[in-house]
Amino acid sequence: AGVAATLGVERLTRAEPIESYRGQALVPNGNWTPVKAVTDLPEGIPVAFRTGAIEGFLIRNGGQVRGLSAVCTHMGCILNYSKLRNQFECPCHGATFGIDGDPNNQYSAPLRSLPSLDVRIQRGQVEVYTV
Ligand code: FES
C-alpha cells in the first residue's frame, strides 16, 4: 500500500491468487491497459472485456472492481455470464462458476477456481495488467 500511495496509484484489487496459480503470474511482463470506464460497470453484475491477450470479467462492488479470467479451467473455452442464473457458464462441456470464480460443479477431477486478474482504477478507467 505504501508503494501504491507513493506512485499515486489507486490500486483497488491486487489479486493474490495470481501468484499461486500454477506457481506463476498470468501476465509476467505486461502493461496496464484501460478496458472499461468504471461508470460502465453495474453494481455486482459481471461485464466481459477482451484485450489482445486476456478475456475476462470485471465485477464492481461499491468502489471496488475485481477482475476474473473468462477462461474455463476445464479445457480453456471462454465462459459466458448468465444474468438469469448469475453464474459463468462454459459452452463446451457445461462447467459453471459462481461470480466469486469458484466452480459450481465437479468433473472427474475438481476444477480450479477462475484466476483473478490484476486490476486498478485510474481517472475513472478500469485498467487490467496485460501484454
Ligand atoms: Fe469448459 Fe470443458 S472447457 S467445461
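Residues numbered from 1 in each chain as written. Predicted model: local features only at pLDDT ≥ 70, side-chain atom pairs only at ≥ 80, totals over all residues. Heavy atoms only, no water.

**Looking at the sheet that holds strand β3 (residues 55-61)**
Okay, so step 1: Taken together, four strands build an open sheet; the order of strands is β2-β3-β4-β8 and the sheet is antiparallel. Strand pairing shows two members of the sheet lacking a second neighbour, β2 (47-50) and β8 (116-117), which therefore form its edges. (Pairing = 2+ DSSP bridges. Helix = DSSP H or I, 4+ residues; strand = E, 2+ residues; numbered from the N terminus.)

**So, the state of the cysteines**
Okay, so step 1: Scanning all chains against the criterion turns up one disulfide.
Okay, so step 2: Between C77 and C92 runs a disulfide, and the two sulfur atoms are separated by 1.9 Å. Taking the sign of the S-S torsion, about -95° here, the bridge from C77 to C92 comes out left-handed. One end of the pair, C77, is in the loop between β4 (64-69) and β5 (80-82); the other, C92, is in the loop between β6 (87-89) and β7 (96-97), and 15 residues separate them in sequence. (Disulfide = S-S within 2.5 Å.)

**Notes on the confidence of the model for the chain**
Okay, so step 1: Mean pLDDT over the chain works out to 82, with 77% of the residues at or above the 70 mark.
Okay, so step 2: Ranking the elements of the chain by mean pLDDT puts helix α1 (residues 2-7) last, at 34, and β5 first, at 98.
Okay, so step 3: Across residues 1-24, confidence stays below pLDDT 50; counting only partners more than four residues off in sequence or on other chains, it has 37 contacts. (pLDDT = per-residue confidence, 0-100. Contact = heavy atoms within 4.5 Å.)

**Section: the pattern of salt bridges**
Okay, so step 1: As enumerated under the stated definition, the model contains four salt bridges in all.
Okay, so step 2: Taking the shortest distance from any N to any O, the salt bridge between R60 and E43 comes out at 3.2 Å. Taken together, the positions of R60 in strand β3 and E43 in the loop between β1 (31-37) and β2 put the pair 17 residues apart, joining distant regions of the chain.
Okay, so step 3: Under the relative-accessibility criterion, R60 is labelled buried at 17%.
Okay, so step 4: A salt bridge links R50 to E55; the nearest nitrogen and oxygen atoms lie 3.3 Å apart.
Okay, so step 5: R50 gets classed as exposed once you look at its relative accessible area, which sits at 64%. (Salt bridge = Lys/Arg side-chain N within 4 Å of Asp/Glu carboxyl O. Buried < 20%, exposed > 50% of the residue type's maximum accessible area, 1.4 Å probe, protein only.)

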